[in-house]
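The lines below spell out each chain.
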Amino acid sequence: MRRDTIHYILLMFIVCTLNSCGPEADIPANAEYGKGAEIKVFKFYADWCGPCQAMKPEYEKVKKLYPHVEFYEVDFDKNRDKAVQFGIESVPFVIRLKNRKEVKKNLGYMSRNDLVRFIEND
């Protein structure tokens, strides 16, 4: 391995260590992650997943109830690296972050009431 490659890898390790790279960082890539809302909800889904498709209208309804919460939908198949960051192996999988820290997660279908409780209760 070239010396400059080793230096780059070492530099990136140091930067990530100082800036908390990992599950808290940049999900999805186009999100203004870390800015804005205190609470963020990420739903990992797949087009081929029946429970994901059944949950989609419920998720959309809940999004309208909470304008102060940032909601993201992350395609599991197109964002495997993001799924790996969170240790996600199955979908649907919902994660709630508060102040950039994971506070709740759920694997499987969630009804509208389940989603409301998921967002409101720590």
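Bear in mind the structure is a predicted one, so any value in this text is a computation, not a measurement.

1. Side note on helix 4 (residues 112-120)
Step number 1: Those residues of helix 4 not exposed but buried are Leu115, Val116, Phe118 and Ile119. Seen along its axis, helix 4 keeps its buried residues to an arc of 160°; they face one direction. For helix 4, the exposed residues lying more than 90 degrees away from the buried face are Asn113 and Glu120.
Step number 2: The inward-facing, buried residues of helix 4 abut strand 1 (39-45), helix 2 (50-65), strand 2 (70-75), strand 3 (93-98) and strand 4 (101-107).

2. Some points on the sheet that holds strand 1
Step number 1: Here four strands make up an open sheet; going across it, the order is 2-1-3-4 and the pairing mixed. In the strand order of this sheet, the two ends are held by strand 2 and strand 4, each with one partner. For this sheet, the mean angle separating the axes of adjacent strands, direction not counted, is 20°.
Step number 2: Sheet topology note: the strand 3/strand 4 ladder contains six bridges and is antiparallel. The partner of Arg96 across the bridge, within strand 4, is Lys104.
Step number 3: Along the sheet, helix 2 contacts strand 1, strand 2 and strand 3; its crossing angle with strand 2, the most-contacted strand, is approximately 160°.

3. Side note on helix 2
Step number 1: At Lys56, helix 2 shows its maximal kink, close to 35°; a proline, Pro57, follows between one and four residues later.
Step number 2: Residues of helix 2 that are buried include every one of Cys52, Met55, Glu58, Tyr59 and Val62, and no others.
Step number 3: In this structure, the buried side of helix 2 is in contact with strand 1, strand 2, strand 3 and helix 4.

4. As for the pattern of salt bridges
Pairing is possible between side chains that carry opposite charge, provided their charged atoms lie close to one another.
Step number 1: The final tally for this structure, using the stated rule, is nine salt bridges.
Step number 2: Between Glu73 and Lys63 there is a salt bridge whose closest N-O contact spans 3.5 Å. Remark: Lys63 occurs in helix 2 and Glu73 occurs in strand 2; sequence separation between them is 10 residues.
Step number 3: Among the residues examined, Lys63 registers a relative accessible area of 26% and is labelled partly exposed.
Step number 4: With a closest N to O distance of 2.6 Å, Asp114 and Arg117 form a salt bridge. In this pair, Asp114 and Arg117 both sit in helix 4, three residues apart, roughly one turn of the helix.
Step number 5: Overall, Asp114 belongs to the partly exposed group, its relative accessible area being 28%.
Step number 6: According to the relative accessible area criterion, Arg117 is partly exposed, its value standing at 45%.
Step number 7: Beyond isolated ion pairs, a larger network of salt bridges with shared partners links Lys43, Glu60, Lys63 and Glu73.

5. Some words on the nonpolar core
Step number 1: Within the largest apolar cluster, 16 residues are counted, with the highest numbers of intra-cluster contacts made by Phe42, Phe44, Phe76, Ile88, Val91 and Ile95.
Step number 2: What Val91 contacts, discounting residues up to four positions off in sequence, is Phe44, Tyr45, Ala46, Trp48, Cys49, Cys52, Phe76 and Leu107.
Step number 3: Grouped together as the second largest cluster of nonpolar side chains are 14 residues, Ile39, Tyr59, Val62 and Phe118 included.

Cut-offs used in this document
- Residues numbered from 1 in each chain as written.
- Predicted model: local features only at pLDDT ≥ 70, side-chain atom pairs only at ≥ 80, totals over all residues.
- Heavy atoms only, no water.
- Buried < 20%, exposed > 50% of the residue type's maximum accessible area, 1.4 Å probe, protein only.
- Helix = DSSP H or I, 4+ residues; strand = E, 2+ residues; numbered from the N terminus.
- Arc of directions from axis to C-beta.
- Contact = heavy atoms within 4.5 Å.
- Pairing = 2+ DSSP bridges.
- Axes fitted to C-alpha atoms, helices over the stretch in contact; angles between N-to-C directions.
- Bend = angle between axes of the 7 residues up to and from the residue.
- Salt bridge = Lys/Arg side-chain N within 4 Å of Asp/Glu carboxyl O.
- Core = buried A, V, L, I, M, F, W, Y, C linked by side-chain atoms within 4.5 Å.

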